[in-house]
Each structure stands twice: as structure tokens, then as C-alpha cells.
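For reference, the chains in residue letters:
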Amino acid sequence: MPALLQAATDFQTIARQAGQLIMPEAILTLFACAALILDVMLPRNRKRVVAWVCLAGIGASLVSLGILYFNISSREAARTGFFDMIIIDNYAVVFKLMFLIGAALSILLSIKYLDTEGEQRGEYYALILFSVTGMMFMASGVDLLTLFISLELMAISVYILVGFLKRDQRSNEAAMKYFLLGAFSSGVLLYGISLVYGLTGTTNLAKIAAALPTVASANYNLLGTPADMRYLVLLSMILMAAGMFFKVAAVPFHMWAPDAYEGAPTSITAFMSVAVKAASFAMFGRLFLYGLPDLRGALEGDPANNIAGLPGWALLLGIVAAITMVWGNLAALIQNNTKRLLAYSSISHAGFTLLGLIAGNQTGYTAFIIYLFIYTLMNLGVFGCIIALRRRGIAGDRMEDFNGLVRKAPWLTVMMTIFLLSLGGIPPTAGFVGKLYLFMGLIETGNPWLVRLAILAVLMSAVSLYYYIRFIRAMYIEPESEPQPLSLSRPLQTALAVAVLLVMLIGVYPQPLIRLTQKAATSQGLKTYVYEEKPAATDSTDQPGAVPLPPTPPRR
């Protein structure tokens, strides 16, 4: 009898928390199921109604998210639920807002594209909503099981969307490559998660963060016997990092991105490049900033027993970020297919985004979030312009398709120019604000190697301008290669107008977005770091690539 009473109490608690904490996700799930039902009921020539129903669902979810945000703001405290498996804090709310905006713009971009391809189907929009549901749980999950299941919900939906054009061989090939490599990376990530669980005995990130300093000490005592578990801790960290590097398309786990971006429907390429990347970075932040904060610096050894120290994840991320920025930009220089070019551009931007995590201070965390928010807007705008070039017989994904665009569509040319300049970080666009905060986060640390990393990032931003200017040169200088006129649908025009207005508004008046992201960057559980000067004899910056960290950084 007591067991039944406890079960009834637990059910009531879960039901109450579901209504209070996950209503935005519940609304999206409900509308996704409704989209599947409508797809069966509606005739073929009215399938686009499903798109508007899904947009209404995103709008309702945004309203629910706003209510949730004001609720936690009034309490000035995060809320946990479902036996501490999810948390609703400013970090989660800002990322969820990002996903919903990205999904809404992606659906608006998709309507014309699917009409042109003759593939207007309701399950397409339902899969977008299901994937966004997974993304939202990735942003608020604070348990390894929650994070992994949410990741797979997002990934499986996107695998299907990449291969949505069943009659297109490139789409089928891209989906198969993405699925196989994605399944492999999920296995690597899951192996790292299993090691962390075995070492700490818990899947809760807060409990893992509390247990790891003890487990990762050189003098850890296991059942009365000294045991050096640091190598297992290091292995688990590397495996989880490798799994997440694949999801964000960081070098050397980027090989899937160019083929998947080129073969996928262009509207899904746009969605993948922003929403999927942002969700993966949200989970990256949860894992490393909330679950593994004390592994950021070097794992201390024991000089008395001749036990050497081991590197932490800041050094690993710094090396990967540098290689990713360099390789992504250099590979983009030689591309002629615009979707492949933007795939390598997206790879380089993943390297830039990692800089915010590496900085480890409040400015860095703010830059990490604000850069992803801005990247969502400007990259969706670029792909929207590519979709506008798609018409019968013309794919619109070659550089030559932009030749002489200013003569056919001057307003589209101006918007494309703004998006490209923003991607390059040119003021007064939003991209400049994002990169400025990234560089400031690294420079504020005062760490010589992180300052050099910021200098490398500035140089790579200059390199990226070359291939972005290739678009501008084709649009303004080259003669027209295709006289066929353009016809932009109302939904496409709306999506582009919203994106360009936000890019310019944030570039000129970024304070509201900065304030919002700063709240997310100071969420409960985030740990910031203070870089301290050390005596010259023991200064770890004497070693190339070293990232000196205080042994016991303060928790905020």
C-alpha cells in the first residue's frame, strides 16, 4: 500500500512538472502529431496548409516559453524537475528561443522550395518539429540519459530530412553517409558517457561535477587501495569530446558536413547548419561546463611519487578550435558549389564558437551564446537567398548562378551582401558583435596562448572575407549567366526580411540581446575561471600549448 501511495504521489509530481516545465516541448509534440494527421487528410494541392499549422505551433510554443521565462525571472532561480533530469534556467530558455526562431524561418524557407521540387509533404514539417523538441531537451537536460535520448531524437529526425528527396541520388547518398557516421559518433559518445557513469556512479551532471575532483586526484583511494583513475577520466573526456566534435562538425570529425550539406534539400541544409549546430553546442556546454568543469585545467599529479600531471579539456578544445578555423577557411577557398563552400564556412564557424568555451570567463560564455544566436540569423539568410535562385531547371547552388544578380533582383542582392558581410564580421552587422565578444573573452584572460588564439581567429576572419567577397563579385560585377527571372514567394520574402532586419538591428543596437545572453552566461551551475599570474619558474605558459589554470577556480 505505501508503494502505491508513493507511485501516485510521483505521478502527480510528474504531471504537475510537465504542465509547468515542459509545456513548450509538449505543444511542439502535439502540433507535430497534428501535422502527420493533416497530411493524410488533405489533398496533394493543399499540403502547404500543414506548414502554417506548424508555424502556429511554434508561435504557441514561443508564448509558452515566454511565460516560463518570466516565471523563472520573477523567482530569480532555476527550476529543476523530473527527479533532477532537466533544469529550466536562462541558459536553456535562450537556446530554446534560438531553436524556435531557426525552425520558424526554416519552415518559411521550405514552402517555396518544396513546391519547386514537387515534394510538399506534411511529414517534412512534422519531422522539423520533432527534431526541435529534441533540441529543446538537449538545452535543458542535466542528466546524461536525458541528453543522449534528446540528441538521438534530433539526429534521427534530421537523418530522414537529409534524405527527404527520395528521387535525388545525391540526397540519398548524403543521408546514408550522415546516418552511418552519426551512428558511429553516437557510439563513441555513449562509450564516454558509460565510463563517466562507471567512475562516478551517477548520470546527474551536478553529482558528476562534485565527484570528479576526488576520482581524478592522483591519490584516489579505491576500496582502501591507492588507484590512479586519471587516465580513465581523461579517456572518458576525450571520447565525449570526440562525439560532440562530430555533431558540431569540428576538424577532424567534419568529413560528413560537405557531402551532407550538398546533397540535402537546401532548406534542410539551412536548418542543419544553424539549429542542429546550436543544439549540439548547447549540449556541449551542458556536458563540459556543468558536468566536467574541474577537468578544464590540468589534472594534477603527485611530484612526491613521481606522478606527472595530465592535460585538461581546455587544451584539447584550443587545439581543435585552431585547426578547425584554419582548415575550414582554407578548404572553402577552392569550392565552387555554394553549399559545399558554406559547409566549410560552417566548419570554420564551429571553431570560432569553441573559443567562447575555451575562454572560461563570463565574456566568453556570453560570446558563446550570442555568436550562435547571430549565426542562426545570418546563415539562414544566406541559404534563403540560395533557395530564391532555385527555379525550374536551375539548382541555384553554383557560384555562376549569382552572376549579375543585382540586375535581376537588386533587393535580394543587397540582403545577400548584408548576410555575407555579417558572416565575415564586418560592422555594423550583427556578426561583428559576435566576433568582438569572442575575441574579448580570450583577450580578457591575459593568458598568452589564448591571446595568440584570438590573433589566429582574427587572421582567419580576414581569410574568410575572400570567399564571401566572391559572392559579391559575382552578383555585382560578373555578367548575367542566366536571364531567367526570379520569383520570390511571400513566405520566403518574409523570412529574408526578418533575418536581415534582425542582423542589422543587433549590429546597430545589440544591448537587448547582450543582456539576455549575459543572464544565460551567469546561470546557476556555470563555473567561471580567473587566470592568475604565477612565478616564472613554475609558469606553465613556458610550455607551448599549455593553458594555465588556477588549481581551485571559484564557482559562480
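Before going into details, it helps to say that this report is about the structure given with it. If you're wondering where the values come from, they're calculated on a predicted model, not measured in any experiment.

What follows covers the packing of helix H6 (residues 144-162) against helix H11 (residues 266-291). Interaxial distance between H6 and H11 falls to 11 Å at its minimum, and their mutual angle equals 170°. It follows that H6 is roughly antiparallel to H11 by the angle criterion. Of the residues in H11, those touching H6 at Leu144, Leu147, Phe148, Leu151, Met154, Val158, Leu161 and Val162 are Ile268, Met272, Val276, Ala279, Ser280, Met283, Arg286 and Leu287. Looking at the contact of H6 with H11 residue by residue, the class counts come to 14 nonpolar, 1 polar and 1 charged.

Bringing the side chain of Ser140 into the picture now. Relative to the assigned elements, Ser140 resides in helix H5 (residues 122-140). A polar side-chain atom of Ser140 sits 3.2 Å from the main-chain carbonyl oxygen of Met136. Ignoring any residue separated from it by four or fewer positions in sequence, one finds Ser140 in contact with Glu25, Met85, Ile86, Ile87, Ile88, Ala92, Lys96 and Arg286.

Turning our eyes to something else, we now look at the pattern of salt bridges. Counted by the stated rule, this structure contains 13 salt bridges. We note a salt bridge from Asp259 to Arg340, for which the minimum N-O separation is 2.9 Å. With Asp259 in helix H10 (residues 256-263) and Arg340 in helix H13 (residues 338-359), the pair connects residues that are 81 residues apart, well separated along the chain. For Asp259, a relative accessible area of 26% gives the class partly exposed. Residue classification places Arg340 among the buried residues on the basis of a relative accessible area of 19%. Overlapping salt bridges, with partners in common, bring together Arg170, Glu173, Lys177, Asp259, Glu262 and Arg340 in one network.

Attention now goes to helix H17 (residues 430-444). The end-to-end C-alpha separation of H17 is 21 Å, in line with the 21 Å expected for 15 residues at 1.5 Å each. If you check which residues of H17 are buried, you get Ala430, Gly431, Val433, Gly434, Lys435, Tyr437, Leu438, Phe439, Gly441 and Leu442. Where the residues of H17 are buried, they touch H13, helix H14 (362-388), helix H16 (410-424), helix H18 (448-476), helix H19 (490-508) and helix H20 (511-521). Just downstream of H17, Gly446 is the residue with a positive phi angle, here 75°.

So, how was this worked out
Residues numbered from 1 in each chain as written. Predicted model: local features only at pLDDT ≥ 70, side-chain atom pairs only at ≥ 80, totals over all residues. Heavy atoms only, no water. Axes fitted to C-alpha atoms, helices over the stretch in contact; angles between N-to-C directions. Helix = DSSP H or I, 4+ residues; strand = E, 2+ residues; numbered from the N terminus. Parallel < 35°, antiparallel > 145°, perpendicular 65-115°, else oblique. Contact = heavy atoms within 4.5 Å. Nonpolar A, V, L, I, M, F, W, Y, C, P; charged D, E, K, R; others polar. Polar contact = N/O pair within 3.5 Å; in protein donor to acceptor, adjacent residues only side chain to side chain. Salt bridge = Lys/Arg side-chain N within 4 Å of Asp/Glu carboxyl O. Buried < 20%, exposed > 50% of the residue type's maximum accessible area, 1.4 Å probe, protein only. Expected span 1.5 Å × (residues − 1).

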